[in-house]
Amino acid sequence: MIKVLGVEHIGIALDKNEQLSKVLKDVFNLEHIGSEIIEEQGVNTDIFNVSNTKIELLESISKDSPISKYISKYGKGMHHIALIVEDINVAIEHLVSNNIVMIDEKPKVGVEGYKIAFIHPNSTPGLLIEICQK
């Protein structure tokens, strides 16, 4: 069984993080937690605290990254929702046993050191879902 602890963050795909980052900081006065580049995923992130969740801005650092491909296919906007789970390995086993197709069948290290795995959007009517564990 999967124990979901909450929404960890909402990921937003952008060409450049700078403009929305400025709006979130200066207009909404959100706390900027930090920026991080994840080379393996070809992404530069800016993370903002929003009370009991986060907003993660995703800027491609290469033309062949997943974010770049996503933007060329679907445009800028919401990319994924991340659910924090108690045990990512148990969650992956449960999902696979329920015929959910995983992009990652083994956790990877993501932003802020979280263990992460993505569910293929074909299994979730088009919504990309990330599961993560601190």
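Residues numbered from 1 in each chain as written. Predicted model: local features only at pLDDT ≥ 70, side-chain atom pairs only at ≥ 80, totals over all residues. Heavy atoms only, no water.

Focus: the environment of Cys132
For step 1, the next point in the chain: Along the polypeptide, Cys132 turns up in strand β8 (residues 129-133).
For step 2, the next point in the chain: By relative accessible area, Cys132 is classed as buried at 1%.
For step 3, the next point in the chain: Through-space distance from the C-alpha of Cys132 to that of Ile88 is 6.4 Å; in sequence the pair is 44 residues apart.
For step 4, the next point in the chain: Here Cys132 is in contact with Glu8, Ala82, Leu83, Ile84, Val85, Ile88, Tyr114, Lys115 and Ile116, once residues within four sequence places are set aside. (Helix = DSSP H or I, 4+ residues; strand = E, 2+ residues; numbered from the N terminus. Buried < 20%, exposed > 50% of the residue type's maximum accessible area, 1.4 Å probe, protein only. Contact = heavy atoms within 4.5 Å.)

Overview of the sheet that holds strand β2 (residues 31-38)
For step 1, the next point in the chain: With respect to topology, 8 strands assemble into an open sheet ordered β2-β3-β4-β1-β5-β8-β7-β6, the strand pairing being mixed. Every other strand in the sheet has two partners, leaving β2 and β6 (108-109) as the edge strands with one partner each.
For step 2, the next point in the chain: Summarising the sheet, strand β5 (residues 77-85) and β8 pair through 4 bridges and their orientation is parallel. Each residue of the ladder has a partner; that of Ile81, found in β8, is Ile129.
For step 3, the next point in the chain: Packing against the sheet, helix α2 (residues 66-74) makes contact with β1 (4-14), β3 (43-50), β4 (53-60) and β5, and its axis sits at approximately 70° to β1. (Pairing = 2+ DSSP bridges. Axes fitted to C-alpha atoms, helices over the stretch in contact; angles between N-to-C directions.)

Some details on the pairing of β2
For step 1, the next point in the chain: Across 7 bridges, the pairing between β2 and β3 is antiparallel. Each residue of the ladder has a partner; that of His32, found in β3, is Phe48.
For step 2, the next point in the chain: Taken together, β2 and the strand that follows it, β3, pair antiparallel across an intervening segment of 4 residues, in which Gly42 is found at a positive phi of about 60°.

Brief notes about the pattern of salt bridges
Two side chains carrying opposite charge are able to pair once their charged atoms lie near each other.
For step 1, the next point in the chain: Counted by the stated rule, this structure contains 6 salt bridges.
For step 2, the next point in the chain: The residue Lys54 makes a salt bridge to Glu8 at a minimum N-O spacing of 2.6 Å. One end of the pair, Lys54, is in strand β4; the other, Glu8, is in strand β1, and 46 residues separate them in sequence. Take Lys54 and Glu8: they sit in the same class, and that class is buried.
For step 3, the next point in the chain: A salt bridge links Asp104 to Lys108; the nearest nitrogen and oxygen atoms lie 3.3 Å apart.
For step 4, the next point in the chain: Taking the relative accessible area as the measure of exposure, Lys108 reaches 25% and is therefore partly exposed.
For step 5, the next point in the chain: Connected via shared salt-bridge partners are Glu8, Lys54 and Glu112. (Salt bridge = Lys/Arg side-chain N within 4 Å of Asp/Glu carboxyl O.)

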